[in-house]
2 protein chains.
Amino acid sequence: MDYSQLWLNWKRREGLPAYTGAICDETHSEGGRAALRELRLGLEAMNGTPPLPARDGEAPCLRVEETEDPGDGFTLLREGEGLCLRAGGRGLIYGAFSLLRHLATGDPFPRLVSSPAYPIRMLDHWDNADGSIERGYSGRSFFFRDGAPFCSERTRDYARLLASCGLNGCCVNNVNVKGNALHLLSGRYDEELRKIAASLEEYGVSLWLSVSFSSPMELGGLDTADPLDEAVRAWWRAACRRLFQSIPNLAGFLVKADSEGRPGPHSYGRTHAEGANMLADALAPFGGKLLWRCFVYNCTQDWRDTKTDRARAQCDTFAPLDGQFLENVFLQAKNGPVDFQIREPVSPLLGRLPHTNSLLEFQLAQEYTGQQRHVCYLMPMFREVLDLHLRHRPQADTVRDTIRAVTAVSNTGDDFNWTGHDLAAANLFGFGILSWNPAADPAEIAREWSVLTFGEDPAVTETVCRILLRSREVYEKYTVPLGIGWMCVPGIHYGPSPEGYEYDRWGTYHRATCRAIGVERGPEGTGFTEQYAPPLAALYGEIENCPEELLLFFHRLPYDHRMKDGRTLIQRIYDDHFEGFEEAEEMAEAWDRLQGKVPEDAFRRVQERFREQLRSAREWRDIINSWFFRLTMIPDEKGRTLYL
Amino acid sequence: MDYSQLWLNWKRREGLPAYTGAICDETHSEGGRAALRELRLGLEAMNGTPPLPARDGEAPCLRVEETEDPGDGFTLLREGEGLCLRAGGRGLIYGAFSLLRHLATGDPFPRLVSSPAYPIRMLDHWDNADGSIERGYSGRSFFFRDGAPFCSERTRDYARLLASCGLNGCCVNNVNVKGNALHLLSGRYDEELRKIAASLEEYGVSLWLSVSFSSPMELGGLDTADPLDEAVRAWWRAACRRLFQSIPNLAGFLVKADSEGRPGPHSYGRTHAEGANMLADALAPFGGKLLWRCFVYNCTQDWRDTKTDRARAQCDTFAPLDGQFLENVFLQAKNGPVDFQIREPVSPLLGRLPHTNSLLEFQLAQEYTGQQRHVCYLMPMFREVLDLHLRHRPQADTVRDTIRAVTAVSNTGDDFNWTGHDLAAANLFGFGILSWNPAADPAEIAREWSVLTFGEDPAVTETVCRILLRSREVYEKYTVPLGIGWMCVPGIHYGPSPEGYEYDRWGTYHRATCRAIGVERGPEGTGFTEQYAPPLAALYGEIENCPEELLLFFHRLPYDHRMKDGRTLIQRIYDDHFEGFEEAEEMAEAWDRLQGKVPEDAFRRVQERFREQLRSAREWRDIINSWFFRLTMIPDEKGRTLYL
């Protein structure tokens, strides 16, 4: 096999309880069969011998009882010296993996009633038909090659990985639908799509497709894609009928419309609601759902224009439409208002759609967070987002209460280790866990992932967890300060370029002068902070209240602004960069000490990535610091080297 | 025909003298035949009737007398009411075109004795085997397509164009030799190369090839390309023997060695002299010449390193080797010490090779000068270079005295108009004229080109010449100030990016702070100015003497530095940018007034380019000015708009 099993590489364990040696199979569905298969595989690997078949009540055994529950939840309960896994067919899959994970991490008698927080827990692949992956850092696509989709053993193993951490959906093609990918809708690739859908479905994972809003023109030969045009509506109805007949277990469509040059309803003077509802209407008879991205802004902004604020765009566009969307529409909003930067506030749009299904989109692909050459464990960031209390209501108004579904841009590709950086697999695993239980503890997730991946050696677990848990803060410290974002090389988004986006069309400016930096987004500025509920608006809008890590996202400040600890803003920036690099060195050294304690191939792969991380972190440190120094001529108080 | 004839599109002229109606043919060579063909073609076009054959002394006629002179020179002398063109075979070609140009521009009885200043007057094509052109802005290659060279009618017409303005050589492939281009040496493409060589030779133009220094490894399977290795030397001797047997009129090789990642003698601890002489030795038996580029510098510089000065690199490398090169070696030095910026001093290397053949390289391809979307007539710049007195000796030490040959990177491709921008053809023509006569007047060249191209309407000639003659200064004003260079988008080299190269590896830094800008290259700085003869070293090395247009090339200065006219440096920069844009607008408006006076298709093509020039010039103006304003917070004294 030319790929690893990641955390599903179950290891031999001594002293598991007796019930793990025998299984009483009371299942009858495909899900039940998958669960049984995984239990047998896992228990055999851990015990060294395959579990025996057992009859109920005979002796301590694992009883797998299938109910008629259509959901994903499951129950694990003790039965004397035995254990019972009880669930519907889909739930058995999640229950089986959960049990195995508990056993493998030292919890021999897990008892729990577990069900997922959201019915849709998925990954978005930005895979192109030609096999390339937009923002992919782990090789080529394993869903597409040479212009067409394909199904392989890896498809099914991917579904296992997703199910094993709680995920249940996968959109296989890039939201920027181009080339042959248009034809995923036309029937040209039905046979392969059916195979992919079946492989995923075996593990309860649904297939989703990204479609182009202008498909009626591109595929249907119509001269419009106007969502209110009857011919267009009929075309989509027919297209859905055909597609669902061929692939009945298709979950629905994902659409990027009127965004970064993609076609959409605005071309016809229609609203996003009119556009989305038209598609949702065509999907409804087949139980299909529509995921409609909210990543809409002016991507041809004149840099001279200081009135337009990209951060405002999504709320300005979508909040007024709340309540207008059909019930099978989900509005998909990125976690921040701009674009997956290392530090952004939570998108205010998430609080402004009380009468609409909203779907929170994270990015596992480390586009702006080191591209899987830097280690950057994102679960702490994701928890911050999920935990934020939006304050529109006094209770139950955290992001995780508000949303109805979660997705993340996948970080996988056909590399042996799936994610390029071995440690980036913790993000894939972690996102699955959070998608099931958004209150899960990032430290606990890291621990579980490390034990499942590298085994139980406490030295390994402790080191891996320490690296993971500090990695985001370290990356942030040596890269872009205090939420300002975008000081990266244009297009590539890797490496520093302090003014790379400054005079461009993307609406991402810091407008630094020798005296001050940042875009003022408070009430005296662009008014972005007013998009939040009043308590958050007050928090973010006033410099003295604003969380310091977001200071330069929200405010324009002089370099001698005093931080809460008394340092000047510029000194804080210098300090962060020097410290961030040193901390990256410490992480790399900590990894070096694991040689011999983790498999040699993984050790070397990660070591090599750390080498690149340090090279890059040094560039970040020196370029950002020197740029600020040249701009201000304010020296570092500690006299460290800045370059003129 | 899918391409224009440029300035060879002879127009009907009334009242030419009688001798132009009859030709007395006393030629016997291929050159003579080409000359006759061109004279008949041109005179027929101008007179409306073909010239008649005449016998000597019969009536006023054009007598074409072929001598045994092997050179390119020719004589035009009056014989009563007739005219005699007298030259050797090659000279007749240049004489014929010269006569036609005189007739077409209103000089019916030209009398002159003319011979070229340099024996090698050539163009370098950066055409790749796949048909792309490195830094090409006029379409695809007309020498290569689909991985192989090809010969067409256009090859011969290109040779006519080159000969018509005085050129006699053409290196057809990119100095960065890659892919199939390696096999130009191996025999794989001999048949097509022979055809190309023959087409060029018909007009006295020699074929040159760029070769890779490591060909013995890439083609010969040797494990070294060490120039002192006997197997390597034997390989090159055999390769030359084979090649010259197949293409006897080949002129020689052009080599880019130890430059920007290209292989070279340094890999083997050998000097450039050892490398070049090895190749020259292999070429010598066949009369072949070796052109060896001096564009050698550290292209992986650490931006933190302030000691290394790219401007120094060529002199430091090559000046100590003066006198060590064989006599068929020509060292090819770019006109400036860095790389074809809009304003650079003359390369000091040109004065440091008294015992070596030196070949001056210009760039017609407008890589840094607007990429043939901006009009930028380069002859005034070229004349500045050629006219500079290097002061190593009191007399006859201008650049044009010093060099032994000239070349230029071509600006042509397979666009209909050859050069993308119709007005860029003036650069091609002008370089030819200067290569023959480096004292030719850029204004006179522009006038001649305009009349030949657009006809005699004085309003057209005056407007075209005014546009051409101010175009370089205008481009300079709205782009990069006072010789500082490199404020362009990295890689692409089009459009502004004030810090685009600042933290990169190319050795091209301005190191601007809020207080000062520039690299100090005087004796207190990198010492680059000391590479010139003492009078120039003093001129450039002292701020008060330094020509202002080069001030920021040579010196690091505070923004309040007083220019000679009393303005501050920063105010001069602001003024230049505002004025430059306005002057670009004036040029575009002047062109607009030519509608109906020049052919409509050319009018529209140029108008469209002017539109892009203005769009781009506005970006340059506003980005450069705003960048300086943000950096310094010094306002414009005239209160014009700067963007925060």
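Because the structure is predicted, anything quoted here is derived from the model rather than measured.

### Concerning the interface of chain B and chain A
With 24 residues of chain B in contact, the opposing surface of chain A contributes 24 residues. The largest share of the area that chain B buries against chain A comes from Arg304(B), Tyr503(B) and Arg630(B), three residues that together contribute 32% of it. Run the count over chain B and chain A and you get twelve residue pairs in polar contact (both at pLDDT 80 or more). Looking at the side of chain B that touches chain A residue by residue, the class counts come to ten nonpolar, four polar and ten charged.

### Observations concerning the packing of aromatic side chains
Under the counting rule described, the total for this entry stands at 72 aromatic pairs over all chains. Note on Tyr19(B) and Phe109(B): the rings are 5.3 Å apart at their centroids and 45 degrees apart in plane angle, and the pair reads as tilted. Pair noted here: Tyr19(B) is in the segment before β1 (22-26) and Phe109(B) is in the loop between α2 (89-104) and β6 (112-114), with a separation of 90 residues, a long-range link. Accessibility assignment for this pair places Tyr19(B) and Phe109(B) in one class, buried. Note on Tyr368(B) and Trp486(B): the rings are 5.0 Å apart at their centroids and 75 degrees apart in plane angle, and the pair reads as edge-to-face. Of the two residues, Tyr368(B) sits in the loop between β15 (357-363) and α9 (379-387) while Trp486(B) sits in the loop between α13 (458-478) and β17 (516-517), which places them 118 residues apart along the sequence. Take Tyr368(B): its relative accessible area is 7%, and that puts it in the buried class. Looking at Trp486(B), the relative accessible area reads 9%, which means it is buried. Chaining the aromatic ring pairs together yields one cluster made of Tyr3(A), Phe142(A), Phe143(A), Tyr158(A) and Trp418(A). The lysine or arginine in question, Arg121(A), covers the ring of Tyr94(A), its NZ or CZ lying 5.3 Å from the ring centre. Taking the ring centre of Phe581(B) as reference, the NZ or CZ of Arg621(B) above it sits at 4.5 Å.

### Let's talk about the state of the cysteines
Residue and element names in this part refer to chain A. This model, assessed by the stated rule, comprises zero disulfides over all chains. The thiol of Cys170 is not disulfide-bonded; the next cysteine sulfur, from Cys171, is found 7.3 Å away. Its relative accessible area of 0% is what places Cys170 among the buried residues. The thiol of Cys315 is unpaired, and the distance to the nearest cysteine sulfur, on Cys294, comes to 9.6 Å.

### Describing the relation of the copies chain B and chain A
Superposing chain B onto chain A takes a rotation of 180 degrees combined with a translation of 0.0 Å along the rotation axis, leaving an RMSD of 0.0 Å. In symmetry terms, the pair is related by a two-fold rotation axis.

### Focus on helix α1 (residues 30-47) of chain A
Residue and element names in this part refer to chain A. Helix length check: α1, at 18 residues, gives a terminal C-alpha distance of 25 Å against a target of 26 Å (1.5 Å per residue), a fit within 8%. At its buried positions, α1 is contacted by β1 (22-26), β3 (62-66), β5 (82-87), α2 (89-104) and α3 (153-165). For α1, the N-terminal cap is Ser29; the gap from its side-chain oxygen to the backbone nitrogen of Gly31 is 3.3 Å. One or two positions beyond α1, positive phi appears at Gly48, with a value near 90 degrees.

### With respect to the sheet that holds strand β13 (residues 289-293) of chain B
All names here are of chain B. Around the barrel, which closes on itself, the eight strands sit in the order β7-β10-β11-β12-β13-β14-β15-β16 with parallel pairing between neighbours. Here the strands of the sheet are splayed against their neighbours by 25 degrees on average, with no regard to which way each runs. Pairing geometry for strand β10 (residues 169-171) and strand β11 (residues 206-210), over three bridges, is parallel. Looking across to β11, one finds that Gly169 is bridged to Ser206.

### A word on the pattern of salt bridges
One pass over the structure, following the stated rule, counts 103 salt bridges over all chains. Between Arg101(B) and Glu448(B) there is a salt bridge whose closest N-O contact spans 2.6 Å. Placement of Arg101(B) in helix α2 and of Glu448(B) in helix α12 (residues 442-454) is noted, with a sequence separation of 347 residues between them. Among the residues examined, Arg101(B) registers a relative accessible area of 12% and is labelled buried. Judged by its relative accessible area of 13%, Glu448(B) falls in the buried class. Here Arg472(B) ties to Glu384(B) by a salt bridge, and the two come within 3.0 Å at their closest N and O atoms. A residue pair is termed long-range when its members are at least 10 positions apart, and Arg472(B) in helix α13 and Glu384(B) in helix α9 qualify at 88 residues. A residue is classified by how much of its surface remains accessible, and Glu384(B), at 40% relative accessible area, is partly exposed. Taken together, the shared-partner salt bridges connect Asp565(A), Arg567(A), Asp575(A), Asp636(A), Lys638(A) and Arg640(A) into one network.

### A short note on the sheet that holds strand β11 (residues 206-210) of chain A
All names here are of chain A. Overall, parallel pairing links the eight strands, which are arranged β7-β10-β11-β12-β13-β14-β15-β16 in a closed barrel. Strand-to-strand twist in this sheet, taken as the mean axis angle between neighbours without regard to direction, amounts to 25 degrees. As judged from the five bridges shared by strand β15 (residues 357-363) and strand β16 (residues 405-409), these two strands associate in the parallel manner. Directly across from Phe362, in β16, lies its bridge partner Ala408. The sheet contacts of helix α4 (residues 190-201) involve β10 (169-171) and β11, and relative to β11 the element is tilted by about 140 degrees.

### Observations regarding the side chain of Thr461(A)
All names here are of chain A. If you trace the backbone, Thr461 turns up in helix α13 (residues 458-478). Judged by its relative accessible area of 9%, Thr461 is buried. With near-sequence residues (within four places) excluded, Thr461 lies in contact with Arg447, Ser450, Val451, Gly455 and Glu456.

### Things to note about the nonpolar core
Among the nonpolar cores identified, the biggest contains 427 residues, and Trp7(A), Phe253(A), Trp591(A), Trp7(B), Phe253(B) and Trp591(B) are the most heavily contacted of them. If sequence neighbours within four positions are ignored, Trp591(A) has contacts with Leu423(A), Phe454(A), Val464(A), Ile467(A), Val598(A), Ala602(A), Phe603(A), Val606(A), Gln607(A) and Phe610(A).

### Here's the deal with the confidence of the model for chain A
Any segment with low pLDDT has predicted coordinates that should not be analysed in fine detail. The share of residues in chain A with pLDDT of 70 or more is 100%, and the mean pLDDT across the chain is 97. We note a pTM of 0.95 for the whole complex and an ipTM of 0.94 for its interfaces.

### Quick word on unusual backbone geometry
Phi angles above zero are rare outside glycine, and Arg391(A) is one such case at about 70 degrees. Along the chain, the position of Arg391(A) falls in the loop between α9 (379-387) and α10 (399-402). Residues other than glycine seldom take positive phi values, yet Trp486(B) does so here, at roughly 65 degrees.

### As for the pairing of β1(A)
Residue and element names in this part refer to chain A. As defined by bridge partners, β1 adjoins strand β2 (residues 52-53) across two bridges and the pair is classed as parallel. Opposite Ala22, over in β2, you have Leu52 as the bridge partner. Handedness of the crossover joining β1 and β2 through α1 is recorded here as right-handed. Bridge analysis of β1 against β3 gives four bridges, and the strand direction is parallel.

### So, the pairing of strand β7 (residues 120-124) of chain B
Residues and elements named next belong to chain B. Taking burial as the measure, the five residues of β7 include five buried ones, the bulk of the element. Side-chain alternation along β7 places Ile120, Met122 and Asp124 on one buried face and Arg121 and Leu123 on a second face that is also buried. As judged from the five bridges shared by β7 and strand β16 (residues 405-409), these two strands associate in the parallel manner. In the strand pairing of β16, Arg121 is matched with Val406. With three bridges connecting them, β7 and β10 associate as parallel partners. Its bridge partner lying in β10, Asp124 is registered against Cys171.

### Focus on the packing of helix α16 (residues 569-592) of chain A against helix α17 (residues 600-632) of chain A
Residue and element names in this part refer to chain A. Here α16 crosses α17 at 170 degrees, and the two axes come no closer than 9 Å. In this view, α16 runs roughly antiparallel relative to α17, as classed from their interaxial angle. The interaxial crossing formed by α16 with α17 has left-handed handedness. Residue composition of the contact of α16 with α17, by class: 19 nonpolar, five polar and four charged.

The rules we used
Residues numbered from 1 in each chain as written. Chains lettered and ligands numbered in written order. Predicted model: local features only at pLDDT ≥ 70, side-chain atom pairs only at ≥ 80, totals over all residues. Heavy atoms only, no water. Contact = heavy atoms within 4.5 Å. Buried area = accessible area lost by both parts, 1.4 Å probe. Polar contact = N/O pair within 3.5 Å; in protein donor to acceptor, adjacent residues only side chain to side chain. Nonpolar A, V, L, I, M, F, W, Y, C, P; charged D, E, K, R; others polar. Phe/Tyr/Trp six-rings, centres within 6.5 Å; stacked < 30°, edge-to-face > 60°. Helix = DSSP H or I, 4+ residues; strand = E, 2+ residues; numbered from the N terminus. Buried < 20%, exposed > 50% of the residue type's maximum accessible area, 1.4 Å probe, protein only. Lys NZ or Arg CZ within 6 Å of the ring centre and 35° of its normal. Disulfide = S-S within 2.5 Å. Least-squares fit on C-alpha atoms with pLDDT ≥ 70 in both. Expected span 1.5 Å × (residues − 1). Pairing = 2+ DSSP bridges. Axes fitted to C-alpha atoms, helices over the stretch in contact; angles between N-to-C directions. Salt bridge = Lys/Arg side-chain N within 4 Å of Asp/Glu carboxyl O. Core = buried A, V, L, I, M, F, W, Y, C linked by side-chain atoms within 4.5 Å. pLDDT = per-residue confidence, 0-100. Right-handed = clockwise from strand over helix to strand, strands pointing away. Parallel < 35°, antiparallel > 145°, perpendicular 65-115°, else oblique. Left-handed = near helix turned anticlockwise from the far one by under 90°.

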